[in-house]
Amino acid sequence: MIYKRSSELFSQAQKVLPGGVNSPVRAFNSVGGTPIFVKKAQGAYLYDEDGNQFIDYIASWGPLLFGHTYQPVIDAVIERAKRGTSFGMPTEIETQIAELAVKMVPNIDKIRFVNSGTEACMSAIRLARGYTNREKIIKFSGCYHGHSDSFLIEAGSGAVTFGTPNSPGVTQGTAKDTLLAQYNDIQSVEKLFDANKNQIAAIIIEPVAGNMGCVLPRKNFLKALRQICTENQSLLIFDEVMTGFRLAKGGAQEVFDIQADIVTFGKVIGGGLPVGAFASRNEIMNHLAPEGRVYQAGTLSGNPLAMSAGLAMLTEIENNSQVFDSLAKKTEYLHKGFEEILTKNNIPFRINRFGSMMSLFFTEEDVVDFASSCKSNQEKFRKYFHGMLAEGIYLPPSGFESYFLNDALSYEDLDKTIQALEKISKTL
């Protein structure tokens, strides 16, 4: 394929945008080469500035459950834009989408809309600290909750040590209140609680991780987290920015039958526009301004364009809940096709899959946490990524990201993807 126009645009962008992009993963640093500049998209397909067509497996990193330019969402945004794009005042549509979200998701009474998943998780942590009157939080190595200072922390030298910043600009003072545990390791969590009695406000976790590749919770792991939070009067926060409204109407809480205290949303709830949200029971949400003393605000929060896209998306999900079964079957089909080819060619691999999320790791070990994810062969992943790209398959340009399938994908598209892997497997 020819990427002449994309290369020119990337060179131009580098002069005025840091790294030539507005989000780091887009720069292809993990896989090398020049990023693809998209011109348009339709259904399951992306079209770049050079006229190349790609089958899309990121779906804008999750929100496009039904594929690109899904007509009910597009129509809703167009009609709303005709009446104004933003007012900084209340609108009826905010209440409508809130009522629908509360109806669909278990264990929430109220929801606050914001503009991104990062903002949602940041606000959830502030609310948890304000509600419990405690300062420390536990996060898991490899889980990503946005670029707020509290979350950009890496593990210290031992299981119960404080974390240290892994980005310049994050202070040691912030880092000391973030404790690091290991995903799927309940003992690492228990040690932190033992060492920090009555100090931990909350645990925040991706119930199905998507930022170290797709990593599933072990049986009873989430249940054990729920129990330890209850015993210690700490809050359990499910970061469902990826999983909310994608795994099921009620997200991971519904799938695993676990009640979180606070849930954060993004991706799907915006229908392709920038939207985030956090939600909880009345007793917790009533601590939020203007009812309570925990302050959070946003001039463009709940803006009518974003709310119209989100309401259209949630309405479609509410009326077409069979989409989750359809997506799961398509993801399983892709998984089995990949598995057959990789096994036949004696290529070491592990595939993790849950619902419509999936990742391929080039390793002989099961991938259950960040450490095991890091053992995946990244050089082999780079060959795989560029080989598939040359065959017209657009995958996440990082071995530490989940694939997100959309329901516009046909079985013919899946077969083409499997055939592409067959073609490039000799290079792996």
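Here the residue numbering is sequential within each chain, running from 1 through the sequence in written order. Confidence filtering applies because this is a predicted model: local features only for residues at pLDDT of at least 70, side-chain atom pairs given and counted only at 80 or more, and all residues used for totals across whole chains, interfaces and linings. Processing note: side-chain calculations cover all non-hydrogen atoms of the structure and skip hydrogens and water entirely.

Identification of the protein as Glutamate-1-semialdehyde 2,1-aminomutase from Capnocytophaga catalasegens is taken from an unreviewed UniProt entry. The Catalytic activity (unreviewed entry) comment attached to the protein in UniProt states, word for word, "(S)-4-amino-5-oxopentanoate = 5-aminolevulinate". UniProt positions are given in the numbering used here, feature names are shortened, and annotations may be inferred rather than shown by experiment. Database annotation for the protein, UniProt heading Pathway (unreviewed entry): "Porphyrin-containing compound metabolism; protoporphyrin-IX biosynthesis; 5-aminolevulinate from L-glutamyl-tRNA(Glu): step 2/2."

Chemist: So what exactly am I meant to see when it comes to the sheet that holds strand S15 (residues 393-394) here?
Modeler: Ordered by their spatial adjacency, four strands build an open sheet running S1-S2-S3-S15, and the pairing between neighbours is mixed. The sheet is open, and its two edges are formed by strand S1 (38-42) and S15, each paired on a single side. Pairing of strand S2 (residues 45-48) with strand S3 (residues 53-56), which is carried by three bridges, proceeds in the antiparallel orientation. Bridged to Leu46 within S3 is Phe54. Following DSSP output, two strands are said to pair if at least two bridges run between them. Helix and strand definitions follow DSSP, with helices as H or I runs of at least four residues and strands as E runs of at least two, each counted in order from the N terminus.

Chemist: Would you take a moment to explain the pairing of strand S10 (residues 235-240) for this structure?
Modeler: As a general feature of sheets, a regular strand has side chains that alternate between the two faces. Relative accessibility thresholds used throughout: buried, under 20% of the residue-type maximum; exposed, over 50%; partly exposed, between the two (1.4 Å probe, protein chains only). The buried count for S10 comes to six of six residues, which makes it a mostly enclosed element. Alternating positions in S10 separate into two faces, Leu235, Ile237 and Asp239 on one and Leu236, Phe238 and Glu240 on the other, with burial throughout. Bridge count for strand S9 (residues 200-205) against S10 is four bridges, and the pairing is parallel. What sits directly across from Ile203, in S10, is Leu236. Every crossover in which the path from the first strand over the helix to the second runs clockwise, viewed with the strands pointing away from the viewer, is termed right-handed. On the question of chirality, the crossover connecting S9 to the parallel S10 by way of helix H7 (residues 221-232) is right-handed. With four bridges joining them, S10 and strand S11 (residues 262-265) adopt parallel strand pairing. Within S11, the residue paired with Asp239 across the bridge is Thr264.

Chemist: Whenever I open this one, the pattern of salt bridges confuses me. Can you help?
Modeler: For this analysis, a salt bridge means a side-chain nitrogen from Lys or Arg found within 4 Å of a carboxyl oxygen belonging to Asp or Glu. Scanning all chains against the criterion turns up 21 salt bridges. A salt bridge links Lys344 to Glu422, with the nearest nitrogen and oxygen atoms 2.9 Å apart. Pair noted here: Lys344 is in helix H11 (residues 323-344) and Glu422 is in helix H14 (residues 411-424), with a separation of 78 residues, a long-range link. Sharing partners across several salt bridges, the network here consists of Arg226, Asp261, Arg281 and Glu283.

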